[in-house]
Every structure is written in structure tokens, then in C-alpha cells.
Amino acid sequence: MGDLTRDDLWYDLPEAAIAQQPVEPRDAARLLDTRDLSDHRFAGLPGLLEPGDLVVVNRTRVRAARLVGTRRGTGGSVEVLVLAPVGDDTWEALLRPARRLRTGVVVEFPDGVDAELVSDPIEGRARVRFRLHGDVDPEAWFDQAGQVPLPPYITRELEDPERYQTIFARTVGSAAAPTAALHFTAGVVDGLAARGVAMTEVELEVGLGTFRPVATERVADHVMHAERYVVPPEAASAVAECRARGGRVVAVGTTVLRTLESTADGAGGIEPGGGSTDLFVVPGFRFRVVDLLVTNFHVPGSTLVALVAAVLGDRWRDVYRTALERGYRFLSFGDAMLAEVPRGR
């Protein structure tokens, strides 16, 4: 990684290739099999896998974290994007505009709830303490009063906010969707079962850092964001059973890959439990768990492109070029690809 530069992760992405709306139905999205550069629909994923394989998805749900209020005393509009809990009724949040906000400033919301800054913003991030009515659960209030935040490159509002949630979404905590799983439908799940492909779930809370490009010239100098994960005991058992029958572990999305590789037990399996990971997957990384990866096409210059380059090697540019030439749609609402992971090499 020492010689890898930011330019090594860059490619030209035409604005027209950035998907602004998801396709309908979900599994009508295209799927590029990078093993032979063949074109498919996501509905055909079961046919690209083998009986005995294990598909692992992220069951995290995107928090309705975007709240718009007014600053007490001035009436100025303030956007509060809730990121993570840090104490009783206190949350880390991203504030816009943050330039004139300081500790003690109060942001009021239409239904009488307010939030007081308990730290000065640093790069727009601060801690805020919400004052809710009675015993109202903060997550329940966010769900009622907030909006699901969309990535900055999506400029059109969704008619149905649930289209930015996967069909597996249950555990609230993410600031962004694990987008590779957006293509799944009940039909795809049924098709996997009929094919003899097992499924299991993990959790990784997707943070805003997933959108942050590598800002340093040397990739080795980039500070990777940390994200919380949970590996249930049944997921660890499913991976062990997959190994025992000679199947392959298929990670749906970079979040799942990072979770599985962060909890590798050294023998092809994973350890159950929870924690936080700042694993930065770059070319040269030695994969210990994942055999196949399903993922979307990612933002130029991002850590996600570094991960794709670690999987595909120098071929990643040819794969991305091929996808653009064939009209694949890119980023969160875009199409997907399937890639073989060079495990243990």
C-alpha cells in the first residue's frame, strides 16, 4: 500500500452514468460477472452460484437521521444529521451550516423537541443532547420526524423512501444503505434456496465515511473510518458449515466483506461477537474468509475502489471501463458486479 496513490484509485465517471433512481423491480438491475465479463440481470444471481455456497447480507437499516430545525434566537435553519449515540440522549451529529454554531446553541424542531450542542463543531461534527417528551425513544422520534439521508451525488428525492432500504433491513443504525443488497427480492431469495444456496446475516453500521474520498496523496496516509459490527452466533455457524461442505462464502457488499474479514478466525471461519472495525482493504490484502463478492460500482478515488482493486487487481480498470461502455448504471442506485476473491493468496 505504501506506493499506492490517490490517482491509482481514480477513473472518469460521466455524470450521466450515476443512477438517480432505482430500477423496478429491484432484481431488474444488471449484474456483470467479472469472471468472464458476461451480462446478466440480478434476478439470475442464483444461477451464477453453486449448491452449498453461502450468501451473507447486512441486515442494518438506515436511520431517518436527517432533521431540519431552527436555531433558537436567530431562526436560522440548521440541518442535524444524526450519526451515532454517545450517551444518554446524546448523539454525534453532522451539522449544516456549522460555521457559527458553538456549545450551548439550541436547535428547535417543529414538534417542541430541541437539541443542544454540548461540544463545538469540528469539521461540522458535534455532540448534541436531545430533549424529548416523556419516555419517547429517540430512534422512534427520528423515524417519525426525520428523513432518510441520501448520498450527496443523488439529487432527486425518492417517491418511496423504503427503496433506500434493503429487504433485510431490521437493525437501525446506518447512515447509508448497504447498497449491493438493494437488488434482492423475495424471488431472488427463493431462487437461492431452490439452488441449494444458504443465506445468513451480519450487521455493520454504514457510516458517512463510506462516501469520503481518499484525501491524502499516499493511500497509506488515509485514516479509515471505524464502523460498528455484530456477527451473530448463527452467522459464524453458517460460515463453518459452508466450509465443512466445501461451499464458497459470498459477501453481498463491501460492508459484509469488511465484517467477515475483520472477524476471521484464521481457519476460514469467523468469530461471533461485536465490535468496531477500521479495516482498510487495499491491493495486497490477504483475504481469509470471502470467496466471492457482489458489489455496486463505486465513487472514483474512494476506499471502496481500493477494495475492488484488492479483489480484481489491475483488472479493475478494465471491468469498470467495460461496465461504462455497456451502459451500466453506477453508484448507490446503480447496477452490480460479481467478482471472485483471491482468498489466501
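Scroll up to find the structure this text is about.
(A) View of the sheet that holds strand β8 (residues 106–108). Taken together, the 6 strands give a closed barrel; going around it, the order is β5-β6-β7-β10-β9-β8, and neighbouring strands pair in antiparallel fashion. On average, each strand axis in the sheet is tilted by 45 degrees relative to the strand beside it, whichever way the strands run. Examined bridge by bridge, β8 and strand β9 (residues 114–117) share 3 bridges and lie antiparallel to one another. Following the sheet pairing, Val106 is matched in β9 by Glu116.

(B) Here's a closer look at helix α5 (residues 254–262). Judged by how many residues are buried, α5 sits mostly within the fold: 8 of 9 residues are covered. Among all positions in α5, only Thr254, Thr255, Val256, Leu257, Arg258, Thr259, Leu260 and Glu261 are buried.

(C) Structural context of the packing of aromatic side chains. Throughout the structure, instances matching the rule amount to 18 aromatic pairs. With 4.9 Å between their ring centres and 75 degrees between their planes, Phe285 and Phe287 make a pair best called edge-to-face. Centroid distance Phe297 to Phe330: 4.7 Å. Interplanar angle 25 degrees. Geometry classified as stacked. Of this pair, Phe297 sits in the loop between β16 (292–296) and α6 (303–312) while Phe330 sits in the loop between α7 (315–325) and β17 (336–340), and the two are 33 residues apart along the sequence. We note that Phe297, like Phe330, is buried. An aromatic cluster of three or more residues is present, and its members are Tyr11, Phe297, Trp316, Tyr320, Tyr328 and Phe330. Here the guanidinium or amino end of Arg30 rests over the ring plane of Tyr328, the centre of that ring lying 3.9 Å away.

(D) Highlighting the sheet that holds β16. If you walk across this open sheet you meet the 9 strands as β2-β1-β17-β16-β14-β3-β12-β13-β15, and the pairing is mixed. Edge positions in the sheet fall to β2 (38–41) and β15 (273–277), since each of these pairs with one other strand and no more. Geometrically, the sheet is characterised by an average inter-axis angle of 25 degrees between neighbouring strands, direction not taken into account. Of the strand pairs in this sheet, β16 and β17 are connected by 5 bridges, and their pairing is antiparallel. Paired with Val294 across the strands is Leu338, a residue of β17. Those strands touched by helix α4 (residues 233–244) are β3 (54–58), β12 (198–204), β13 (227–231) and β14 (249–252), and its axis lies near 135 degrees from that of β12.

(E) Local environment of the pairing of strand β7 (residues 90–96). Within β7, 5 of the 7 residues are buried, leaving the element largely enclosed by the surrounding structure. Judged from the 7 bridges that link them, strand β6 (residues 77–87) and β7 form a sheet pairing that is antiparallel. Residue pairing for β7: Pro85 is matched across the bridge by Trp91. Relative to strand β10 (residues 125–131), β7 is paired through 5 bridges, and the arrangement is antiparallel. Note on β10: the bridge partner recorded for Thr90 is Arg129.

(F) Focus on α4. Between its terminal C-alpha atoms α4 stretches 17 Å, which fits the 16 Å expected from 12 residues at 1.5 Å a residue. Summarising the contacts, the buried residues of α4 are in contact with β3, β12, β13 and β14. Just beyond α4, the residue with positive phi is Gly246, at close to 80 degrees.

(G) Representation of the nonpolar core. Residues Leu260, Phe297, Tyr320, Phe330 and Met337 are the most contacted members of the largest nonpolar core, which totals 67 residues. Ranked by residues supplied to this core, first place goes to α6 with 8 residues. Counting 25 residues, the second-largest nonpolar core is a separate cluster that includes Leu94, Leu101, Phe130 and Leu132.

(H) Highlighting the pattern of salt bridges. In total, this model carries 25 salt bridges according to the counting rule given. Residues Arg228 and Glu205 are paired through a salt bridge, measuring 3.0 Å at the closest nitrogen-oxygen approach. One end of the pair, Arg228, is in strand β13; the other, Glu205, is in the loop between β12 and β13, with 23 residues separating them in the sequence. A relative accessible area of 22% means that Glu205 is categorised as partly exposed. The network of salt bridges with common partners includes Arg72, Glu108, Asp114, Glu116 and Arg131.

Calculation criteria
Residues numbered from 1 in each chain as written. Predicted model: local features only at pLDDT ≥ 70, side-chain atom pairs only at ≥ 80, totals over all residues. Heavy atoms only, no water. Pairing = 2+ DSSP bridges. Helix = DSSP H or I, 4+ residues; strand = E, 2+ residues; numbered from the N terminus. Axes fitted to C-alpha atoms, helices over the stretch in contact; angles between N-to-C directions. Buried < 20%, exposed > 50% of the residue type's maximum accessible area, 1.4 Å probe, protein only. Phe/Tyr/Trp six-rings, centres within 6.5 Å; stacked < 30°, edge-to-face > 60°. Lys NZ or Arg CZ within 6 Å of the ring centre and 35° of its normal. Contact = heavy atoms within 4.5 Å. Expected span 1.5 Å × (residues − 1). Core = buried A, V, L, I, M, F, W, Y, C linked by side-chain atoms within 4.5 Å. Salt bridge = Lys/Arg side-chain N within 4 Å of Asp/Glu carboxyl O.

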